[in-house]
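Coordinate inspection notes
Next come the chains, spelled out residue by residue.
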Amino acid sequence: MTETPNRDSQPAEMQVQQPKRAPWRNLSVVWLIPVLALAVSLAVAWRTFSDRGALVEIVFQNAAGVTAGETGVRYRDVVIGMVEKVGFSDDLLKVVVSARIDKTVMPFLDESAQFWVVQPKVTAEGVSGLSTVLSGVYIEGTWDTKPGTPQTRFDGLDEQPLVDPSDKGTRVTLRAGSGEAIAGGSPVFYRGVRVGRTETPKLDETGAVVLVEVFVDSPHDRLLTSATRFWNASGFSVSLGADGLRLDVGSLAALVSGGVAFNTFFSGGKPVEEGHIYELYADETVARENAFSEVSSNTVTVATVFVGGVSGLAAGSSLFYKGVKIGEVHGISAFVSGDDDRMEVHQQVTLNIDPKLLGLSGNASLDDVLDFLTPAVDSGLRARLNKANLLSGSLIVELVEIENAKPAKLERDAEPYPLIPSVESDMQDVNATLEGVMKRVNSLKIEDLIQQAISTMASIEEFANSDQLREAPKAVVDLVDQARDLIAGENVQALPELLRETIEELRDTIAQIRQDGVVARVVSVLESADKVAANVASASGEFPALVDDVRALAEKARDLPLHELVDSATELLDSADALIDTDAARALPDSLNAALDELRDLLSELREGGAAANTNAALASARSATESLQRATANLPELTQRLDELMVRAEGLVTAYGDRSDFNAETLSMLREVRAAARSITALTRALERSPNSLLFGK
Amino acid sequence: MMSATQTAAPDRDDGGARVQTARAAGLVACTGCGRVHRPDQTRCLRCNARLSSRDATSLQRVWAWWLAGLIAYIPANLYPMLRTTTMGHETASTIVGGVVELIDYHSYGVALIVFGASVVIPIAKFIAIAYLAYSVQFRRGKKGVLARQHLYEVVEFIGRWSMIDVFVVAILSSLVQFNFVASIHPGIAAVSFASSVAFTMLSAQSFDSRMIWDANEAVET
């Protein structure tokens, strides 16, 4: 800047001159401020934007308490998002909640993600969601821990899912006849320990079976094998059995909300995969009984139609073929058929047949089974109702071959299932028969019978105790003594001596003959004897006379006193025999026999009564019959006691006679019979005591 | 703060046509205390402030601060000013949202005050400063020099009152801290709003009001 002296008289005029500079050089530092502010604002904006997360839509049936801008979305109780908008679906049927979800969790929001509204809830198992009373509801989400393809639209659940997708465990399916005892979230017990929970029971497509999904938590899910059996552990069960009254109560929660339990009754099962299907049994006993039965995944369904009532038949009732269980009743439904004039109600029973049990291959198709059944039906195979057992009212279905059955065909194309022809059951009259039998049993005079047996035994004892019987052996002893005296007598003693002497003489004679060396003579004698023989032969006419002489000689020999001895001995034994043969003695076993015969007759009569059924009247009769039997049998020990006493006494008596005599043997055998009779009576009594019903069934 | 006019106004005719300025008299007026000096003086003899006949960068600074204030004002309105947590329930309200809420509660007076302090005044300030700077920069508005001077004074005076909102937030968030029952936290908007107000005040202060008269002078010559 230089001063230009244009007017020297004037004071120096201030040069006010804006220097011409490039605009950027003219820039002030202060421009950094807006730049900085812009940068900061942009940074804040960018952060907000990048933190904003993604917008997802969750569709609920209703969204009670959900408010835009206030309701949070949580995962494991940590807020991960916020509801931005609550609107409706296009048809106004559903509520669409738009929520902004944190970016970090977005990759996990795949198809496994589930959302529900958390509200305060009070259940039998506790109180949940209490915090929402103050803070308002929130939306809780859950998903598995594997990132997937993120979705932006989800169907919200009405309630918290029972099984969290991130939980580890195994999900299996139970097949049950009814789902009434199981609620969603019911506990699953293993040996009384809660190891899982159930989902809400659902019907299968046919509507005949209830399917319950069960989730067993890890690591308890390794307890599940193919040998595992599930049963309903709901509430309590009362059973009356041989071991008395039995009351089983599960946990209180199970009492209220139901529950299932499982156990593995035998080892060696294979580990199961996700989704394995188990049968749900009614209780532990049934489950145990079915421990070895395979739940077949392959069953074929056929149907049959019964005319008339099928009360007592239920889903799950057994289906028998030739005495072997091949399946079970799947469902029962009634339908009306017939023409306009006469309508009839028929019961259609659908049957599940396990081809494996029928002897076919495990994966046989319906056609295979039908191919098997068709010729059988042609030759008379029919479905028939029968009693499951004699006392209970439950029914089973059996496939039986009826001879001369009315011709019928297996209707393969019948709807909804192939139809097996049926025949009417003949069990209707069983009830009446049984009642009659029971009445007869009830009217039996068993007490009288026992009384009679006791008095018989008493008279036996009396007889055995009688003086006569005691004297009889004495007479025998006397006889034997006399006989011994006789034998000991001189004549008899001398007899052998005489014999010996005679023999001696004979021996001497022979020796003499040998000494005299007359063999040659003998030869000549033999020769002459030959001649003599010839003579004799010629003179055979005289021979009989000779024989007569010999016989006379023998007669004489027989006339010896020995003869008398033997006779008297025989007489002795005869009289002993006669003693035993006396009416009194003989009557003893007879009357016993008769008594037993009577009893046996009675029993066989009872047995012939045959079949039984379950009417209350019949049972009442049976009970009173049993009671009278019991009263009667109370007397039986006395009887047995007496028989034993008698036995001992008789045995003592017999020992006194010495052994080996015929009398002894016969008496012994007689007494053995008596004892056997007594034993069989005792055995009968015991058998009756143990199982009075054997009287009914003839077993 | 300074509010006095730097120029002597001997004749206050409404057109403001003739005003003797320091520059016209060949002198330099101190912007701090108003004393006039000879041009060769670089520092005020009274207050030791730096002397310059006209601040060449004044307009630049005005525009820069103005822009910064405007930028800061955008998030101040978009983001929540207050985050109120009551019973575990958090509500965040922006300035306008708060006003709407107050109207909903029929607190029209308070709503008016808040609206005036937080919306009307800042926006009016932006407009006023922009108008002043614009008129000086492009030498428009030969008329109403005095009115513009008044406007400038008002802007400078009233600008600080915009801070009332920030005060409220500051006081509330330090007083209302009852944990779960109720607590108030400042939001991002509180910071940006405070900076916006500060920036506009700086902008107003950067404005060399003498230039208003220069325009008049220029028209004159």
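Residues numbered from 1 in each chain as written. Chains lettered and ligands numbered in written order. Predicted model: local features only at pLDDT ≥ 70, side-chain atom pairs only at ≥ 80, totals over all residues.

1. Focus on the overall build of chain A
Each helix and strand counted, chain A has 16 helices and 26 strands in total. The buried share of chain A, taken over its 699 residues, is 21%. Taking the intrachain contacts of chain A between residues at least 6 apart in sequence as the baseline, contacts between residues at least 24 apart amount to 69%. (Helix = DSSP H or I, 4+ residues; strand = E, 2+ residues; numbered from the N terminus. Buried ≥ 20, exposed ≤ 12 C-beta atoms within 10 Å, placed from the backbone. Contact = placed C-beta atoms within 7 Å.)

2. Description of the overall build of chain B
Across its full length, chain B carries seven helices and five strands. Tracing chain B from N to C terminus, the helices and strands come up as β-β-α-β-β-α-α-α-α-β-α-α. Here chain B holds 221 residues, and the buried ones make up 34% of them. Sequence-distant contacts in chain B: of pairs separated by 6 or more residues, those separated by 24 or more amount to 63%.

3. Things to note about the interface of chain A and chain B
Contacts between chain A and chain B engage 17 residues on the former and 18 residues on the latter. Where the side of chain A that touches chain B is concerned, the elements lending two or more residues are α1 (32-51) and α2 (132-135) of chain A. Residue contributions to the side of chain A that touches chain B peak at seven residues, all from α1 of chain A.

4. With respect to the confidence of the model for chain B
Caution applies to low-pLDDT parts of the model: their predicted coordinates are not meant to be read in detail. Residues and elements named next belong to chain B. Counting all residues, the mean pLDDT for chain B is 78, and 83% of those residues have values of 70 or more. Ranking the elements of chain B by mean pLDDT puts helix α7 (residues 210-220) last with 64 and helix α6 (residues 188-206) first with 88. Contacts of residues 1-17 to residues separated by more than four positions or lying in other chains number 25 contacts, the stretch itself having pLDDT below 50. (pLDDT = per-residue confidence, 0-100.)

5. A word on the pairing of strand β14 (residues 210-217) of chain A
All names here are of chain A. As defined by bridge partners, strand β10 (residues 169-176) adjoins β14 across eight bridges and the pair is classed as antiparallel. Within the sheet, the bridge partner assigned to G169 lies in β14 and is D217. Relative to β14, strand β12 (residues 193-198) is paired through three bridges, and the arrangement is antiparallel. Of the residues in β14, the one forming a bridge with R197 is F215. Across two bridges, strand β13 (residues 202-203) lies against β14 in antiparallel orientation. By the bridge assignment, L203 is partnered in β14 with V210. (Pairing = 2+ DSSP bridges.)

6. Some words on the sheet that holds strand β3 (residues 82-86) of chain B
Residue and element names in this part refer to chain B. Overall, antiparallel pairing links the three strands, which are arranged β4-β3-β5 in an open sheet. One side of each edge strand has no neighbouring strand; the edge strands of this open sheet are β4 (89-93) and β5 (182-186). Mean inter-strand twist for the sheet, computed between neighbouring axes without regard to direction, equals 15 degrees. Across five bridges, β3 lies against β5 in antiparallel orientation. Across the sheet, the residue bridging to T85 is S183, located in β5. Contacts between helix α5 (residues 164-175) and the sheet are confined to β3 and β5, with β5 contributing the most and set at about 140 degrees to the helix. (Axes fitted to C-alpha atoms, helices over the stretch in contact; angles between N-to-C directions.)

7. Overview of the sheet that holds strand β22 (residues 324-337) of chain A
Backbone hydrogen bonds are what pair the strands of a sheet, in a parallel or an antiparallel way. Residue and element names in this part refer to chain A. Taken in spatial order, the seven strands line up as β24-β25-β21-β22-β23-β20-β26 in an open sheet, and their pairing is mixed. Bordering the open sheet on either side are β24 (381-387) and β26 (419-420), each of which pairs with just one other strand. Direction of pairing for β22 relative to strand β23 (residues 344-353): antiparallel, over a ladder of ten bridges. Each bridged residue has a counterpart across the sheet, and for S333 the counterpart in β23 is Q348. Sheet strands in contact with helix α5 (residues 366-378) are β20 (300-307), β23, β24 and β26, and its direction is about 90 degrees off that of β24.

8. Description of the nonpolar core
Across soluble globular proteins, you tend to see nonpolar side chains buried next to one another. Judged by nonpolar contacts, the single largest core of 44 residues is most densely connected at W65, A68, I129 and F193 of chain B. If one sorts the elements of this core by residue count, helix α1 (residues 58-78) of chain B sits on top with twelve residues. Look past the residues within four positions of A68 of chain B in its chain and what remains in contact with it is I33, P34 and A37 of chain A together with F199 of chain B. (Core = buried A, V, L, I, M, F, W, Y, C linked by C-beta atoms within 7 Å.)

9. A short note on unusual backbone geometry
All names here are of chain A. Cis geometry marks the peptide bond from S218 to P219, where omega comes out at 5 degrees. Within the secondary structure layout, P219 lies in the loop between β14 and β15 (228-232). Within the chain, D77 stands out as a residue other than glycine whose phi angle is a positive 65 degrees. Within the secondary structure layout, D77 lies in the loop between β2 (72-75) and β3 (78-88). You can call D77 exposed: it has 9 C-beta atoms within 10 Å. A positive phi angle is found at L92, which is not glycine, with a value near 65 degrees.

10. What about the packing of α1 of chain B against α6 of chain B?
Residue and element names in this part refer to chain B. With their axes 7 Å apart at the nearest point, α1 and α6 run at an angle of 165 degrees to one another. If you check the angle between α1 and α6, you find them roughly antiparallel. As for how α1 packs across α6, the hand of that crossing is left-handed. When α1 is examined against α6, the residues S58, R61, V62, W65, W66, A68, G69, A72, Y73, P75 and A76 are found in contact with a partner set consisting of I188, A189, S192, F193, S195, S196, F199, T200, L202, S203 and S206. Residue composition of the contact of α1 with α6, grouped by class: 13 nonpolar, eight polar and one charged. (Parallel < 35°, antiparallel > 145°, perpendicular 65-115°, else oblique. Left-handed = near helix turned anticlockwise from the far one by under 90°. Nonpolar A, V, L, I, M, F, W, Y, C, P; charged D, E, K, R; others polar.)

11. Overview of the confidence of the model for chain A
All names here are of chain A. Per-chain confidence: chain A averages 72 in pLDDT, with 60% of residues scoring 70 or above. Mean pLDDT per element in chain A: helix α16 (residues 694-697) is the minimum at 53, and strand β4 (residues 95-101) is the maximum at 90. Here residues 1-5 is a poorly scored stretch, pLDDT under 50, and it has two contacts once near neighbours within four places are set aside; other chains count.

12. Examining the packing of helix α2 (residues 95-104) of chain B against helix α3 (residues 108-137) of chain B
All names here are of chain B. Interaxial distance between α2 and α3 falls to 8 Å at its minimum, and their mutual angle equals 165 degrees. Relative to α3, the element α2 lies roughly antiparallel. Between α2 and α3 lies a crossing whose hand is left-handed. Here I95, G98, V99, L102 and I103 of α2 lie close against α3, whose contacting residues are Y108, V110, A111, V114, F115, S118 and V119. For the contact of α2 with α3, a count of residues per class yields ten nonpolar, two polar and no charged.

13. Let's talk about α6 of chain B
Here α6 of chain B contains 19 residues, and its C-alpha end-to-end distance of 27 Å stays within 8% of the 27 Å for a straight helix at 1.5 Å per residue. The buried count for α6 of chain B comes to 15 of 19 residues, which makes it a mostly enclosed element. (Expected span 1.5 Å × (residues − 1).)

14. Overview of the environment of T264 of chain A
All names here are of chain A. In this structure, T264 sits in strand β18 (residues 260-264). With 16 C-beta atoms counted inside 10 Å, the residue T264 sits in the partly exposed group. Here the alpha-carbon distance between T264 and T225, two residues 39 residues apart in the chain, equals 7.4 Å. Among residues more than four places away in sequence, those in contact with T264 are L223, T225, A227, T228 and G269.

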